[in-house]
Amino acid sequence: MSNKEKKLSSERLQRVIELCKSVEERGVDPFAVDVDDIIATLQKYFPEWESTEEMALDAEAVQYLASVIQNQGDWVKHRSTSLYTDPFLLEEKIQRLCKEELATLFTTVWNPIIELEQISIASLAEALRYWNELVPISERWQKNGPLQVAAGATTWEELVRLKILAEKTFLEELEAFWKELKQKVGENEKILYWDFVGADTYSETIDRAYLTSFLVTYGYATLELHPLEEEIFIKPFTKPKSELSDKRMISVPISVSSEEWMKWKEGRQR
Amino acid sequence: MDEMERGETKMTRKAYYARKIKRATQLLFYKRHMKPGVKGWELKNALGSDYPKILKVLDDHLEKLDLQVKTVFEGEEPAGKPTLEELNKARFFITLRGGLPSKDAKMMGWRIDDIAGLATAISYIISKKGKAPREEVEDLLRSKLPGWRVDINMNRYIRSGYLAEDENEQLYLDWRTRAEVDQKALVDLLLGTES
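An account of the accompanying structure is given in this report. All figures in this text were calculated on a predicted structure; none of them were measured in a lab. (Residues numbered from 1 in each chain as written. Chains lettered and ligands numbered in written order. Predicted model: local features only at pLDDT ≥ 70, side-chain atom pairs only at ≥ 80, totals over all residues. Heavy atoms only, no water.)

## With respect to the overall build of chain A
Thinking step 1. Along its length, chain A carries 12 helices and three strands.
Thinking step 2. Within chain A, the fraction of its 270 residues that count as buried is 27%.
Thinking step 3. Sequence separation of 24 or more characterises 61% of the internal contacts of chain A that already satisfy a separation of 6 or more.
Thinking step 4. In the form shown here, chain A has an accessible surface area of approximately 19,500 Å², with 54% of it arising from carbon and sulfur atoms. (Helix = DSSP H or I, 4+ residues; strand = E, 2+ residues; numbered from the N terminus. Buried < 20%, exposed > 50% of the residue type's maximum accessible area, 1.4 Å probe, protein only. Contact = heavy atoms within 4.5 Å. Areas by Shrake-Rupley, 256 points an atom, 1.4 Å probe, with all protein chains shown as cover.)

## Description of the overall build of chain B
Thinking step 1. Per the secondary structure count, chain B includes 10 helices and six strands.
Thinking step 2. Buried positions account for 43% of the 195 residues belonging to chain B.
Thinking step 3. Surface accessibility of chain B: about 10,900 Å² in total, with carbon and sulfur atoms responsible for 52%.

## Some points on the pattern of salt bridges
Thinking step 1. For the structure shown, the criterion picks out 26 salt bridges over all chains.
Thinking step 2. Residue R176(B) pairs with E115(A) through a salt bridge whose shortest N-O separation is 3.9 Å. Of this pair, R176(B) sits in helix α9 (residues 175-180) while E115(A) sits in the loop between α5 (99-108) and α6 (121-133), placing the two residues on different chains.
Thinking step 3. We classify R176(B) as buried; its relative accessible area is 12%.
Thinking step 4. On the basis of relative accessible area, E115(A) is assigned to the partly exposed category, the value being 30%.
Thinking step 5. In this structure, the salt-bridge partner of R97(B) is D59(B), at a minimum N-O distance of 3.1 Å. Here R97(B), found in the loop between β3 (91-96) and α5 (102-105), pairs with D59(B), found in helix α3 (residues 51-63); they are 38 residues apart in sequence, far enough to count as distant. (Salt bridge = Lys/Arg side-chain N within 4 Å of Asp/Glu carboxyl O.)

## Some details on the packing of helix α9 (residues 170-185) of chain A against helix α11 (residues 202-217) of chain A
Pairs of packed helices are described in terms of their axes, by the angle between the two and the distance that separates them.
All names here are of chain A.
Thinking step 1. With their axes 10 Å apart at the nearest point, α9 and α11 run at an angle of 90° to one another. Compared by their axis directions, α9 and α11 come out roughly perpendicular. Contact residues: F170, E173, L174, F177, W178, E180, L181 and K184 in α9; R208, Y210, L211, T212, F214 and L215 in α11. (Axes fitted to C-alpha atoms, helices over the stretch in contact; angles between N-to-C directions. Parallel < 35°, antiparallel > 145°, perpendicular 65-115°, else oblique.)

## Some remarks on unusual backbone geometry
Thinking step 1. In this structure, E230(A) is a non-glycine residue whose phi angle is positive, near 55°.
Thinking step 2. Within the fold, E230(A) resides in the loop between β2 (221-226) and β3 (231-236).
Thinking step 3. The backbone phi angle of E169(B) is positive, close to 60°, even though this residue is not glycine.
Thinking step 4. Position of E169(B) among the secondary structure elements: in the loop between β5 (163-165) and β6 (170-173).

## Details of the packing of aromatic side chains
Thinking step 1. Throughout the structure, instances matching the rule amount to 16 aromatic pairs over all chains.
Thinking step 2. Ring geometry for Y193(A) and W194(A): centres 6.4 Å apart, planes at 85°, overall edge-to-face. Neither residue differs from the other here; Y193(A) and W194(A) are each classed as buried.
Thinking step 3. Sitting over the ring of W178(A), K182(A) keeps its end group 3.5 Å from the ring centre.
Thinking step 4. Positioned above the aromatic ring of Y162(B), the side-chain terminus of R176(B) is 5.8 Å from the ring centre. (Phe/Tyr/Trp six-rings, centres within 6.5 Å; stacked < 30°, edge-to-face > 60°. Lys NZ or Arg CZ within 6 Å of the ring centre and 35° of its normal.)

## Things to note about the sheet that holds strand β4 (residues 131-133) of chain B
Residue and element names in this part refer to chain B.
Thinking step 1. On the basis of which strands lie adjacent, the open sheet formed by three strands has the order β4-β6-β5 and antiparallel pairing. What marks the edges here is a single partner per strand, and that holds for β4 and β5. Strand after strand, the sheet turns through a mean of 30° between neighbouring axes, direction not considered.
Thinking step 2. Inspection of the sheet shows β4 paired to β6 by three bridges, in the antiparallel sense. Bridging from a neighbouring strand, P133 pairs with Q170 of β6. (Pairing = 2+ DSSP bridges.)

## Regarding the sheet that holds β3(A)
Residues and elements named next belong to chain A.
Thinking step 1. A sheet is described by the order of its strands in space; here three strands give the open sequence β1-β3-β2, paired in antiparallel fashion. The outermost strands of the open sheet, each flanked by one partner alone, are β1 (191-192) and β2.
Thinking step 2. Note: β1 against β3, two bridges, orientation antiparallel. Along β3, the bridge assignment pairs I191 with I234.

As far as function goes, none of this settles anything; it's purely spatial.
And the structure:
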């Protein structure tokens with residue numbers, strides 16, 4: 001099928017969907033839809049569809065057609081119930097009757113629901129208890145203005161202690177981490193991921209995993225995956241590789257959950 | 001001794017049902033939620049799984065006061081005897097058993113225009129197989145009622161639970177109509193009037 005024919009077929013399908021939607025949303029007679037013809041059309045076009053958008057359009061047309069068939073079933077079911085009546089006849093009756101007659105008729109078939117509301121001594125007592133304990137609104141809705149603090153001076157060490165500034169720049173920290181990796185690897189060329197990242201505490205492990213991800217991303221190291229053995233190794237480069245940005249990068253998700261850290265720690269202790 | 005024991009058992013059963021009926025009365029008459037009435041599962045929790053029997057006894061008592069226990073099922077009404085599961089999902093109300101003189105409706109806060117409008121809307125929706133565009137219903141009401149009153153009343157019918165409106169502005173009959181109005185009787189009465 002040429003592109004032009006495909007476009008025409010898609011438009012035809014859109015019109016089918018609009019027609020079926022009008023049955024559901026605007027109460028159009030469901031029997032006005034020629035279901036057999038639409039099914040034959042869908043069957044004819046289905047082998048030509050290739051892309052996911054075309055398949056989705058076909059699926060949508062089938063879905064709305066199914067709802068039309070359901071509406072047809074509901075119509076037949078309604079006709080067979082005792083509530084069926086000719087709408088034009090009923091409308092004509094309604095138009096001819098005056099308001100008083102309509103109201104009188106309705107009240108003979110109307111059985112309103114009886115419902116009572118009543119306060120009791122117990123609920124009053126509870127309400128009074130709640131009232132006595134309730135803090136006044138002036139206190140509940142107090143608007144706190146900004147805190148007034150006297151301006152002063154601070155030191156660089158204080159800012160580092162408060163973790164507002166870092167002692168080293170991030171790059172300095174990363175390079176120090178890379179040196180540590182190269183030292184740990186030694187002549188082996190590589191080290192197991194958990195043996196490098198794992199630490200005595202879980203929060204330190206997370207920090208190391210975070211820095212390791214930057215080592216790999218910035219070309220200081222690479223990962224070697226052995227999926228069958230479920231092992232991941234880190235291999236440091238002797239020099240950071242800048243040409244990595246020209247190559248296609250993939251993401252490798254590695255879970256560093258507390259359960260896995262515990263498992264690694266127990267394994268190390270054994 | 002056996003007769004005495006039987007007598008005691010009978011008194012205990014009577015006391016048991018009397019207690020349960022009082023509890024059922026409180027649950028059904030007094031408004032507890034946004035909607036009136038009580039769900040079947042709430043009655044089951046309060047009265048036990050034999051609550052349908054208790055409601056039947058209560059219904060017999062209420063007949064003398066021209067009241068009744070009305071059940072509105074979730075979805076369509078079951079064809080035969082409803083199962084306990086269907087009853088648990090249904091909603092139970094106390095309604096008037098007989099009709100209401102139209103002049104008494106005024107005491108309930110309904111003007112004659114309001115009732116006539118409601119009757120017209122419900123009948124029209126029934127004739128359209130339970131679903132009708134709001135615009136069509138409003139046009140029909142405007143033929144006899146002022147436009148501003150039609151707008152107010154339509155919102156009132158929807159808020160009260162007589163009618164429901166979906167996102168496509170199609171009106172349906174809602175829970176209160178199913179609980180309060182004998183739809184078949186209404187249609188028969190309308191068709192039975194002389195043109």
